Amino acid sequence: MKKINDRILLGMLSGIVGLIALMVTDNISSKAKISQRSFATTAAGVWVSSRRQAEKWQGQLLGTLMTIGLCMVGGISAVKLLTTYGRDKLVAKGIFLGVTFGSVITATLSGLAHNKVKPKDANSNLSYLVSHALFGLATVLTAAKAGDDSLFDAPPKNNYLQSTEQTTEQIIGAGNDTIQPVQPIYH
């Protein structure tokens, strides 16, 4: 399988995979009556004038499209997190990203005065928290596995220490003149 070497595309794809995890968990929670309403209904409540409109198919479509966009932003954030801090401890980083991202979004959606569908019960908000934790986990795992290794090469900590290992670009492009050598050449 060819790995993705574009950070934005990788983030969008990872966000979509995370969205699937979020939607499956959210639908299970709604059907089991753990949550008062789906996250898509809550998201639609920001843009429509009543709960009834948010629950119609048009409101559900609107809420789902808004959630897709937010999940893609979350996916791009996941790629930035991993390319900056590394691909180790993926479970912890994924849950952290999902819970943090989901908390901010849920608080924002619930805090808007004109949202007609905000859930006020603890079970709904806990359900959203679990759904977003699974979103973050799926997003981070997808980004780490589908991303090209060159995205995750760490830059040198400073310019004074000589490198002991080659970067992916140096290994792949050893015959290319545009690649910098591992050891600087001073004339």
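Structural data are supplied above this passage.
All values derive from a computational prediction rather than experimental measurement.

## Details of the packing of helix α1 (residues 7-31) against helix α4 (residues 57-85)
One can describe the packing of α1 onto α4 by two numbers: an axis separation of 6 Å at closest approach and a directional angle of 125°. Looking at the two axes, α1 sits oblique to α4. Note that α1 runs across α4; the crossing there is right-handed. Note on element contacts: α4 touches α1 through Thr-64, Thr-67, Ile-68, Cys-71, Met-72, Gly-75, Ile-76, Val-79 and Thr-83, opposite Arg-7, Ile-8, Leu-10, Gly-11, Met-12, Gly-15, Ile-16, Leu-19, Leu-22 and Met-23.

## Some words on the nonpolar core
Within the largest apolar cluster, 13 residues are counted, with the highest numbers of intra-cluster contacts made by Leu-10, Leu-82, Leu-90, Val-140 and Ala-143. Of the residues forming this core, the biggest block, four residues, is contributed by helix α6 (residues 122-146). In this view, Leu-82 contacts Arg-87, Leu-90, Lys-93, Val-140, Ala-143, Ala-144 and Phe-152; residues no more than four positions away in its chain are not counted. Counting nine residues, the second-largest nonpolar core is a separate cluster that includes Cys-71, Phe-101, Tyr-128 and Phe-135.

## Brief notes about α1
Counting along an α-helix, one turn takes 3.6 residues, and residues three or four places apart therefore face a common direction. With 25 residues, α1 should reach 36 Å at 1.5 Å per residue; the first-to-last C-alpha distance of 36 Å fits that figure. Put simply, Asp-6 is the residue that caps the front of α1, since its side-chain oxygen is 3.3 Å from the backbone nitrogen of Ile-8. Among the residues trailing α1, Lys-33 stands out with phi positive, at a value near 60°.

## Here we look at a nonpolar patch on the surface
A surface patch of nonpolar side chains, amounting to about 220 Å² of accessible area, comprises Ile-8, Met-12 and Ile-76. Assessed through its relative accessible area of 45%, Ile-8 is described here as partly exposed.

## Remarks on unusual backbone geometry
Although it is not a glycine, Lys-33 sits at a positive phi angle of roughly 60°. Within the secondary structure layout, Lys-33 lies in the loop between α1 and α2 (39-44). Classification of Lys-33 by relative accessible area gives exposed; the value is 70%. The backbone phi angle of Lys-89 is positive, close to 50°, even though this residue is not glycine. With respect to the helices and strands, the residue Lys-89 is situated in the loop between α4 and α5 (90-111). Exposure remark for Lys-89: the relative accessible area of 61% places this residue in the exposed category.

## Here's the deal with α4
Its 29 residues place the ends of α4 41 Å apart at the C-alpha level, agreeing with the 42 Å of an ideal helix rising 1.5 Å per residue. Turning to α4, its buried residues are Gly-59, Gly-63, Thr-67, Cys-71, Gly-74, Gly-75, Ala-78, Val-79, Leu-81, Leu-82 and Thr-83. Positive phi appears at Gly-86, one or two residues downstream of α4, with a value of about 100°.

## A word on the side chain of Thr-25
Examined against the element boundaries, Thr-25 turns out to sit in helix α1. The exposure class assigned to Thr-25 is buried, which follows from its relative accessible area of 17%. Beyond its immediate stretch of four places on either side in the chain, Thr-25 contacts Val-130, Ser-131 and Leu-134.

About the criteria used
- Within any chain, residue numbers begin from 1 and follow the written order of that chain's sequence.
- Given that the model is predicted, a residue must reach a pLDDT of at least 70 before its local features are reported, and side-chain atom pairs must reach 80 or more before they are shown or counted; all residues, however, enter totals for whole chains, interfaces and linings.
- For the side-chain quantities, the full set of heavy atoms in the structure was used; hydrogens and water were omitted.
- All axes are obtained by fitting lines to C-alpha atoms, using only the stretch in contact for helices, and the reported angles, taken between N-to-C directions, cover 0 to 180 degrees.
- Put simply, DSSP H or I for four residues or longer makes a helix, DSSP E for two residues or longer makes a strand, and each gets a number counted from the N terminus.
- Throughout this description, any angle smaller than 35 degrees is read as roughly parallel, any larger than 145 degrees as roughly antiparallel, any in the 65 to 115 degree range as roughly perpendicular, and the remainder as oblique.
- With the far helix as reference, a near helix turned anticlockwise by less than a right angle produces a left-handed crossing, and one turned clockwise produces a right-handed crossing.
- For this analysis, residues touch if any pair of their heavy atoms sits within 4.5 Å.
- Take the buried residues of types Ala, Val, Leu, Ile, Met, Phe, Trp, Tyr and Cys, join any two whose side-chain atoms come within 4.5 Å, and each joined set is a nonpolar core.
- Residue burial is assigned from relative accessible area. The probe radius is 1.4 Å, only protein chains are included, and a residue is buried under 20% of its type maximum, exposed over 50%, and partly exposed in between.
- Residue count minus one, scaled by 1.5 Å, sets the expected span of a helix.
- Pairs of N or O atoms are called polar contacts if they sit within 3.5 Å, as long as, within protein, a hydrogen donor faces a hydrogen acceptor (for residues adjacent in sequence, only side-chain-to-side-chain pairs).
- Any residue with relative accessible area above 30% and no salt bridge may belong to a patch, with like charges joined within 9 Å and the nonpolar Val, Leu, Ile, Met, Phe, Trp and Tyr side chains within 5 Å.
- Using a 1.4 Å probe, accessible areas were evaluated by the Shrake-Rupley method; residue-level cover was limited to the displayed protein chains.
- Salt bridges are defined as contacts in which a side-chain nitrogen from Lys or Arg sits within 4 Å of a carboxyl oxygen from Asp or Glu.

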